[in-house]
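# Structure assessment
Residues per chain, in single letters:
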Amino acid sequence: MRYYSGFCFWNERELFSEYLDDSEFCIAGFSYGAQKALMNAVHTNKRVDKLQLISPAFFKNNPKFIKLQLNGFKKDKQKYIQTFMQNVKYPSNIDISKYMDDCIIDDLEEMFKFNWGLIEHLRNVKVEVFIGSEDKIIDVDLAVKFFKNYGDVYLIKGVGHILKGDKK
């Protein structure tokens, strides 16, 4: 399996082990990494049987929203990332610090401007999409509506972007 990490993440694949297909013909990615996984699945010359999108970073191309996000990042990167990570792990209390990687503004901008229409170029690839019902990063309803046209969408109740719930 080829796996792509999310924005500000590295080596977090183990968080999603219960959802991932480990076959050599599967490509998977989390959040921003789901965008990279889709690009790889569309452009590779290698065999791909399945594409797994874990909490795909699916945003409307809204220039005002993008500008606000980028300006917030530029103004106070540390605060932006702290808020982002809180929203990523909501509603769980999981410690995700060991998975954090450097966050680059170019990646952030690319993530917000990604054209998911690329998914229409997939041929003979099974698509699985996993989305948490409590996700605070993306518009869950909009994402479910979009991705159900291209594959199997699993809306997981009580979990957020990182697909973990509160362990009370």
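This report concerns the structure included in the present document. Since the structure is predicted, the reported quantities are computational estimates derived from the model, not experimental observations. (Residues numbered from 1 in each chain as written. Predicted model: local features only at pLDDT ≥ 70, side-chain atom pairs only at ≥ 80, totals over all residues. Heavy atoms only, no water.)

Attention now goes to the sheet that holds strand E3 (residues 50-54). Across the sheet, 5 strands lie side by side as E1-E2-E3-E4-E5; this open sheet has parallel pairing. Two strands close off the open sheet at either side, each with one partner strand: strand E1 (2-4) and strand E5 (152-156). Within the sheet, the average angular offset between the axes of one strand and its neighbour, ignoring direction, is 15 degrees. In terms of strand pairing, E1 meets strand E2 (residues 26-30) through 3 bridges, oriented parallel. Considered in E2, the bridge of Tyr4 is made with Gly29. Contacts from helix H1 (residues 32-43) reach E1, E2 and E3 within the one sheet, and its direction differs from that of E2 by about 155 degrees. (Pairing = 2+ DSSP bridges. Helix = DSSP H or I, 4+ residues; strand = E, 2+ residues; numbered from the N terminus. Axes fitted to C-alpha atoms, helices over the stretch in contact; angles between N-to-C directions. Contact = heavy atoms within 4.5 Å.)

All right, on to the pattern of salt bridges then. Counted according to the given criterion, the structure contains 10 salt bridges. The partner of Lys36 in a salt bridge is Glu110, with the nearest N and O atoms 2.4 Å apart. Here Lys36, found in helix H1, pairs with Glu110, found in helix H4 (residues 105-113); they are 74 residues apart in sequence, far enough to count as distant. Judged by relative accessible area, Lys36 falls into the partly exposed class, the value being 23%. We note a salt bridge from Lys77 to Asp102, for which the minimum N-O separation is 3.5 Å. Pair noted here: Lys77 is in helix H3 (residues 77-89) and Asp102 is in the loop between H3 and H4, with a separation of 25 residues, a long-range link. (Salt bridge = Lys/Arg side-chain N within 4 Å of Asp/Glu carboxyl O. Buried < 20%, exposed > 50% of the residue type's maximum accessible area, 1.4 Å probe, protein only.)

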